[in-house]
Amino acid sequence: MSTPDASAPDALPWRSGLTYGLLGFPLAFAALPLYVVLPNHYARSFGLSLATVGALLMAVRLVDAVVEPWLGRASDALFARTARAVWLVGGAAALFQWLGMTGLFFPAVTEEAGLAVWLVSGLLLTCMAHSLLVITHQAWGVRLGGDDLLRSRIVAWREGLGLAGVIAASGLSVVWGPQAMLTVFGVALFLGWALWWRAPQPVSLRGSPQAAISVWQPLAQPAFRRLLAVFMSNGIASAIPAALMLFFAQDRLRASEEATAVFLVLYFICAAASMPLWLRVVRHLGLARSWLLGMLLAVVCFAWTAGLGTGQIPAFALICALTGVALGADLALPGALLARLIERQGAQGSRDGAYLGWWSLATKLNLALAAGAVLPLLQWLGYAPGSQDEQALQHLAWAYALVPCALKLLAALLLYVLLIRRESLPASDRRYPS
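Residues numbered from 1 in each chain as written. Predicted model: local features only at pLDDT ≥ 70, side-chain atom pairs only at ≥ 80, totals over all residues. Heavy atoms only, no water.

> Quick question: what am I supposed to make of the overall build of the chain here?
Within the chain one finds 15 helices and 0 strands. When the 434 residues of the chain are sorted by exposure, 59% land in the buried category. For the chain, long-range pairs separated by at least 24 residues make up 85% of all intrachain contacts whose partners lie at least 6 apart in sequence. About 17000 Å² of surface is accessible on the chain, with carbon and sulfur atoms providing 67% of the total. (Helix = DSSP H or I, 4+ residues; strand = E, 2+ residues; numbered from the N terminus. Buried < 20%, exposed > 50% of the residue type's maximum accessible area, 1.4 Å probe, protein only. Contact = heavy atoms within 4.5 Å. Areas by Shrake-Rupley, 256 points an atom, 1.4 Å probe, with all protein chains shown as cover.)

> Whenever I open this one, the packing of helix α12 (residues 287-302) against helix α13 (residues 313-344) confuses me. Can you help?
What describes two packed helices is the angle between their axes and the distance between those same axes. Look at α12 against α13: their axes get within 8 Å of each other, and the N-to-C directions meet at 155 degrees. Looking at the two axes, α12 sits roughly antiparallel to α13. In this structure, the crossing between α12 and α13 has a hand that is left-handed. Where α12 abuts α13, its residues Leu287, Ala288, Ser290, Trp291, Gly294, Leu297, Ala298, Cys301 and Phe302 lie against Ile319, Leu322, Thr323, Val325, Ala326, Ala329, Asp330, Leu333, Pro334, Ala336, Leu337 and Arg340. Split into classes, the residues belonging to the contact of α12 with α13 amount to 16 nonpolar, 3 polar and 2 charged. (Axes fitted to C-alpha atoms, helices over the stretch in contact; angles between N-to-C directions. Parallel < 35°, antiparallel > 145°, perpendicular 65-115°, else oblique. Left-handed = near helix turned anticlockwise from the far one by under 90°. Nonpolar A, V, L, I, M, F, W, Y, C, P; charged D, E, K, R; others polar.)

> Got a minute to help me understand the packing of aromatic side chains in this structure?
One pair of aromatic rings is described through two measures. These are the centre distance and the angle between the planes. Applying the stated criterion across every chain yields a total of 17 aromatic pairs. When the centroid spacing of 5.3 Å and the interplanar angle of 65 degrees are considered together, the rings of phenylalanine 302 and tyrosine 400 count as edge-to-face. Placement of phenylalanine 302 in helix α12 and of tyrosine 400 in helix α15 (residues 390-424) is noted, with a sequence separation of 98 residues between them. Taken together, the aromatic side chains of Phe248, Phe263, Phe302, Phe316 and Tyr400 make up a single cluster linked through ring pairs. The ring of tryptophan 197 has arginine 84 lying over it, and the distance from NZ or CZ to the ring centre is 6.0 Å. The residue whose ring lies beneath arginine 143 is phenylalanine 79, and the NZ or CZ to ring-centre distance is 4.3 Å. (Phe/Tyr/Trp six-rings, centres within 6.5 Å; stacked < 30°, edge-to-face > 60°. Lys NZ or Arg CZ within 6 Å of the ring centre and 35° of its normal.)

> Even after reading the chapter, I still don't get the nonpolar core, so can you show me in this structure?
Counting 138 residues, the largest nonpolar core has Leu123, Trp196, Leu244, Phe263, Phe316 and Leu415 as its most contacted members. A per-element tally of this core places helix α9 (residues 222-252) first, with 15 residues. Leave out the neighbours within four places in its chain, and tryptophan 196 touches Thr19, Leu23, Val86, Trp87, Gly90, Leu133, Thr136, His137 and Trp140. (Core = buried A, V, L, I, M, F, W, Y, C linked by side-chain atoms within 4.5 Å.)

> Help me understand the state of the cysteines, please; the structure alone is not making it clear to me.
Here a disulfide denotes one covalent bond, and it connects the sulfur atoms of two cysteines. Taken as a whole and judged by the stated rule, the model has 0 disulfides. Just so you know, cysteine 320 is unpaired, no disulfide at all, and the nearest cysteine sulfur is the one on cysteine 270, 8.9 Å from it. The structure places no disulfide on cysteine 405, whose sulfur is separated from the nearest cysteine sulfur, that of cysteine 301, by 9.7 Å. Here cysteine 405 falls in the buried class, since its relative accessible area comes to 9%. (Disulfide = S-S within 2.5 Å.)

> Where do I start with α12 in this structure?
Counting along an α-helix, one turn takes 3.6 residues, and residues three or four places apart therefore face a common direction. A rise of 1.5 Å per residue sets the reference length of α12, with its 16 residues, at 22 Å; its end C-alpha atoms lie 23 Å apart and thus fit the reference within 8%. Of the positions making up α12, those classed as buried are Leu287, Ala288, Ser290, Trp291, Leu292, Gly294, Met295, Ala298, Val299, Cys301 and Phe302. (Expected span 1.5 Å × (residues − 1).)

> Any chance you could explain the environment of alanine 399 here in plain terms?
Counting through the fold element by element, alanine 399 comes out in helix α15. As a C-alpha pair, alanine 399 and phenylalanine 248 span 151 residues in sequence and 9.8 Å in three-dimensional space. Among all residues touching alanine 399, those that are not within four sequence positions of it are Ile240, Leu244, Val374, Leu378 and Pro404.

> What is the right way to read the pattern of salt bridges from this model?
Pairing between side chains of opposite charge can happen when the charged atoms of each approach one another. Within this structure, the stated rule accounts for 4 salt bridges. One salt bridge in this structure joins arginine 158 and glutamate 159, with 3.4 Å as the shortest N-O distance. Arginine 158 gets classed as buried once you look at its relative accessible area, which sits at 10%. With a closest N to O distance of 3.0 Å, lysine 408 and aspartate 330 form a salt bridge. One end of the pair, lysine 408, is in helix α15; the other, aspartate 330, is in helix α13, with 78 residues separating them in the sequence. (Salt bridge = Lys/Arg side-chain N within 4 Å of Asp/Glu carboxyl O.)

> I tried to follow unusual backbone geometry on my own but got confused; where do I start?
Leave glycine aside and you will find that most residues have negative phi; peptide bonds, for their part, are mostly trans. Backbone geometry at arginine 254 places phi at a positive 60 degrees, although glycine is not the residue there. Here arginine 254 is to be found in the loop between α9 and α10 (257-273). Relative accessible area serves as the criterion here: at 35%, arginine 254 is assigned to the partly exposed category.

> Looking at this model, I keep getting lost on the environment of cysteine 270. Mind explaining?
Relative to the helices and strands, cysteine 270 is located in helix α10. In this view, cysteine 270 contacts Ala321, Gly324 and Val325; residues no more than four positions away in its chain are not counted.

> What is the right way to look at the confidence of the model for the chain in this model?
Close inspection of predicted coordinates is inappropriate for parts of the model with low pLDDT. When the pLDDT values of the chain are averaged, the result is 82; 90% of them are 70 or greater. Across the chain, element-level confidence peaks in α12 with a mean pLDDT of 95 and bottoms out in helix α3 (residues 32-45) with 74. Long-range and interchain partners of residues 204-211, a stretch whose pLDDT sits below 50, account for 15 contacts in this model, where long-range means more than four residues apart. Considering only residues more than four positions removed or in separate chains, one finds that residues 427-434, a stretch of pLDDT under 50, has 13 contacts. (pLDDT = per-residue confidence, 0-100.)

The structure is reproduced here in structure tokens:
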């Protein structure tokens with residue numbers, strides 16, 4: 001295992017990026033299948049109501065989110081031992097994640113009460129294992145260090161291959177079904193875990209002592225709280241369309257399953273293809289201003305989705321392509337901003353997991369709030385899967401497009417006020433410490 005020269009901006013050869021980032025490919029299979037396909041699957045195939053599915057998803061995600069900071073502490077403890085300990089525990093987590101996802105898509109019960117219990121149990125197993133694996137994998141990347149551009153490249157490898165995983169998961173689950181998706185997921189998970197051992201090794205793994213800190217310590221940092229507020233506002237704005245996309249495509253646009261799969265693939269392909277573009281933008285604008293540009297681009301491209309109706313497939317495909325480009329900024333830049341913040345707080349190489357645990361908690365809360373709030377709200381407004389009522393479909397369109405745009409604008413405002421504007425002020429004029 002080799003250590004990259006973090007002082008050089010181009011010090012991430014493609015082989016190093018691949019061996020580290022490949023695990024992002026199967027880890028992404030727990031995103032779209034769980035939060036987009038699974039609610040649709042249980043509602044349409046097993047007859048569970050949207051309110052029930054949404055409430056259960058939110059409850060599980062809240063429970064999962066609560067333990068994230070402690071999983072971050074566990075990650076720091078693993079890194080304090082050896083790289084092999086991190087890798088072996090990651091392998092066990094990968095196995096449990098595969099078993100949990102397989103059980104979710106092939107439940108052993110059929111009655112409503114049993115399905116609800118099965119759904120909760122399977123989600124808890126899958127999400128806990130996935131969370132530990134994601135946090136340790138991200139902490140490994142944070143500990144590689146480097147300048148803003150190198151951090152962006154490290155995140156781009158992980159998230160870019162994650163997007164490839166989302167594309168594969170969407171095509172397999174929507175067109176070929178859960179069995180094909182789970183087979184590819186299992187093979188990719190093993191390969192990603194095996195290659196992870198060949199990835200560049202952070203210097204800090206070689207015996208640096210770990211300071212015992214409170215799990216709440218990251219939240220005591222004003223700079224981290226500000227970045228977390230922006231991340232959560234933006235994340236909820238992105239999670240709502242993710243939870244509603246299949247319903248919108250199938251019921252509002254009357255798109256076929258093949259067309260729906262094309263929408264998803266196009267969206268994520270454009271996001272992956274935009275990664276090099278956003279790295280170039282970072283060279284000129286920096287991380288925060290580049291992220292702001294991505295947010296504004298997303299609003300401009302997505303707002304007019306609310307006016308689409310039956311059969312407007314080409315228009316929606318264009319929207320998917322343009323908003324996919326904007327998604328590239330959301331994926332590559334916040335993680336790099338977090339890595340820079342961890343380094344500035346003196347936590348790199350010792351307490352990375354503590355920060356990443358809260359970051360992961362925010363991610364889970366975003367998804368929980370989106371599913372738990374929007375799905376029951378839509379049912380209350382009269383929408384149900386397969387509905388042909390025009391008013392109900394209009395409510396679906398507004399929830400799918402306009403609510404996320406409003407939240408995205410709020411995130412952009414917070415980003416400007418809390419990060420960009422503050423960084424431009426002299427240190428003596430800042431009201432709070434950075």
